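Given next are the chains, with one letter for each unit.
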Amino acid sequence: MKQIDNSCCLTIVLCVYNAGKYIVETLESLRNQTFKDFRLLILDDHSTDASREVVRRYFAENLWATPEIIEFPENHGTAYLRDYALRHCTTQLVMFFDSDDIAKPEMVGKLYAKLRSDPDLIAVSCYCNYMDADGKKLNGGLFLGPKTKTESLTKAAAGKMMFMPIQTLFRREYALRAGGYRQAEYFPKRKDGIRYEDMSEDVDLWGRMSDFYREGKYIVTLPEVLFLYRKNTNSLSTGFAKARVMGQKLLYIKANQLRRRANLPELNFGDYWASLSLWKKFNFERQNLGAYFYRKACFAWVKRRLIATAWNLLLGGICSPLYPLEKYRANFRKKSK
């Protein structure tokens, strides 16, 4: 990799936790980028597998980059590491990349060129396709986010949520002005160890960054598949309790976004949840349970367990009949040309 000086404006951050099986493939995909003027920051969140040793050995044998590697003595979670990186970096632009995904060679260059094309553009993402734990192609992907300035500003003004992958190149200044990644003090602590702050932490940040629409700033997604997103099809990685917390967090993000558009102060999570009616809470539980059954059906289908697939589809349909249509629009529609 071409060595760069302090004028470099781009840092790619890998937050690593037990990714020893995949991280070499991820690093190789970054090594093969056509755009090479970036720094690499690797944060290990106290992995319990061989991730640290794999990363050290990889860079001892492959001298294309001299990354900054920080190993934490205890596990802090995704939101903590992302916020640490945001405040630790000194470059103008930052992009997080998951330590088990694969970037196409042109990904960084295309995102960089798009972001530099307009000073009012503060974040740009792209589409992705799914692959399984073994790297085999799966149907579907993530095809989310506004594609034009007008669409982005209109969506932001209406208080709509900004759903984009974490693989988004953004201007660090605006992420910091938006408050960075919210930490544990904003949320209740659970006895099961699930961290509210780690659920949809990217959606929360993109939403607060979209507040800068009042200054004419906007966020877009390139309608082009530029990376592969690894989905674990060997286990139901998002269990019911974790999925429920994520659902609660998304409702909370949405509510505060609407409050900010109405020039109202944000609520803390406890006050927000207490303010919901019993009917709204019931509907949330119903929809969340339906989503859980649909996910179980998908995992059963991958394993060709047809009876389990049909049974979980039936239960999901009873709880939340419109959920498959919503997921199809986001994950399986044809990407734009």
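Placed above this text is the structure.
Residues numbered from 1 in each chain as written. Predicted model: local features only at pLDDT ≥ 70, side-chain atom pairs only at ≥ 80, totals over all residues. Heavy atoms only, no water.

Some details on the side chain of serine 152
By the secondary structure assignment, serine 152 is in helix H5 (residues 149–157). Leaving out residues up to four positions away in the same chain, serine 152 has contacts with Pro146, Met162, Tyr218 and Ile219. (Helix = DSSP H or I, 4+ residues; strand = E, 2+ residues; numbered from the N terminus. Contact = heavy atoms within 4.5 Å.)

Section: the pairing of strand E1 (residues 10–16)
Taking burial as the measure, the seven residues of E1 include seven buried ones, the bulk of the element. Here E1 shows a buried face lined by Leu10, Ile12, Leu14 and Val16 and a second buried face lined by Thr11, Val13 and Cys15. Relative to strand E4 (residues 93–96), E1 runs parallel, the two being bridged by four bridges. Looking at the pairing, valine 13 lines up with phenylalanine 96 of E4. As paired elements, E1 and strand E2 (residues 39–44) share six bridges and run parallel to each other. Within E2, the position partnered with isoleucine 12 by the bridge is leucine 40. Considered for its hand, the β-α-β crossover made up of E1, helix H1 (residues 23–31) and E2 is right-handed. (Buried < 20%, exposed > 50% of the residue type's maximum accessible area, 1.4 Å probe, protein only. Pairing = 2+ DSSP bridges. Right-handed = clockwise from strand over helix to strand, strands pointing away.)

What to know about the environment of aspartate 101
With respect to the secondary-structure elements, aspartate 101 resides in the loop between E4 and strand E5 (102–103). Residues within four places of aspartate 101 in sequence aside, it is in contact with Thr26, Ser29, Met131, Gln167, Phe227, Leu228, Tyr229 and Arg230. Here the side chain of aspartate 101 touches glutamine 167 through a polar contact of 2.8 Å, side chain to side chain. (Polar contact = N/O pair within 3.5 Å; in protein donor to acceptor, adjacent residues only side chain to side chain.)

Some words on unusual backbone geometry
Notably, asparagine 18 is not glycine yet its phi reads approximately 55°, a positive angle. Considering the arrangement of structural elements, one finds asparagine 18 in the loop between E1 and H1. Assessed through its relative accessible area of 30%, asparagine 18 is described here as partly exposed. A positive phi angle, near 50°, is found at serine 200, a position not held by glycine. Mapped onto the elements, serine 200 comes out in the loop between helix H6 (172–177) and helix H7 (201–209). Exposure remark for serine 200: the relative accessible area of 11% places this residue in the buried category.

Section: the packing of aromatic side chains
Evaluated as defined, the whole model comprises 25 aromatic pairs. Among the aromatic residues, ring-to-ring pairing joins Tyr186, Phe187, Tyr196, Tyr252, Phe269, Tyr272, Trp273 and Phe284 into one connected group. (Phe/Tyr/Trp six-rings, centres within 6.5 Å; stacked < 30°, edge-to-face > 60°.)

Notes on the packing of H7 against helix H8 (residues 240–261)
The description of two helices packed together rests on the angle between their axes and the distance between the axes. Orientation of H7 relative to H8, taken along the N-to-C sense of each, is 5°, at an axis distance of 10 Å. With respect to their mutual orientation, H7 and H8 come out roughly parallel. Contacts between H7 and H8 pair Glu201, Val203, Asp204, Gly207 and Arg208 from the former with Lys249, Leu250, Ile253, Gln257, Arg260 and Arg261 from the latter. For the contact of H7 with H8, the per-class residue count stands at three nonpolar, two polar and six charged. (Axes fitted to C-alpha atoms, helices over the stretch in contact; angles between N-to-C directions. Parallel < 35°, antiparallel > 145°, perpendicular 65-115°, else oblique. Nonpolar A, V, L, I, M, F, W, Y, C, P; charged D, E, K, R; others polar.)

Some remarks on the packing of H1 against helix H2 (residues 51–61)
Between H1 and H2, the least distance of the axes is 10 Å, while the angle of their chain directions is 40°. Viewed along their axes, H1 and H2 form a crossing whose handedness is right-handed. In this structure, H1 contributes Ile23, Val24, Leu27, Glu28 and Arg31 to the contact, and H2 contributes Val54, Val55, Tyr58 and Phe59. Grouping the constituent residues of the contact of H1 with H2 by class yields seven nonpolar, no polar and two charged. (Left-handed = near helix turned anticlockwise from the far one by under 90°.)

Focus: the pairing of strand E6 (residues 121–131)
Looking along a regular strand, one sees side chains alternate from face to face of the sheet. In terms of burial, E6 is largely enclosed, as 11 of its 11 residues are buried. Pairing between E6 and strand E8 (residues 169–171): two bridges, direction antiparallel. The residue of E8 that forms the bridge with valine 124 is leucine 169. Sheet topology note: the E6/strand E7 (residues 137–142) ladder contains three bridges and is antiparallel. When the sheet's bridge partners are listed, asparagine 129 is paired in E7 with glycine 141. Where E6 folds back on E7, the antiparallel hairpin that results is connected by five residues, among which glycine 135 adopts a positive phi of roughly 85°.

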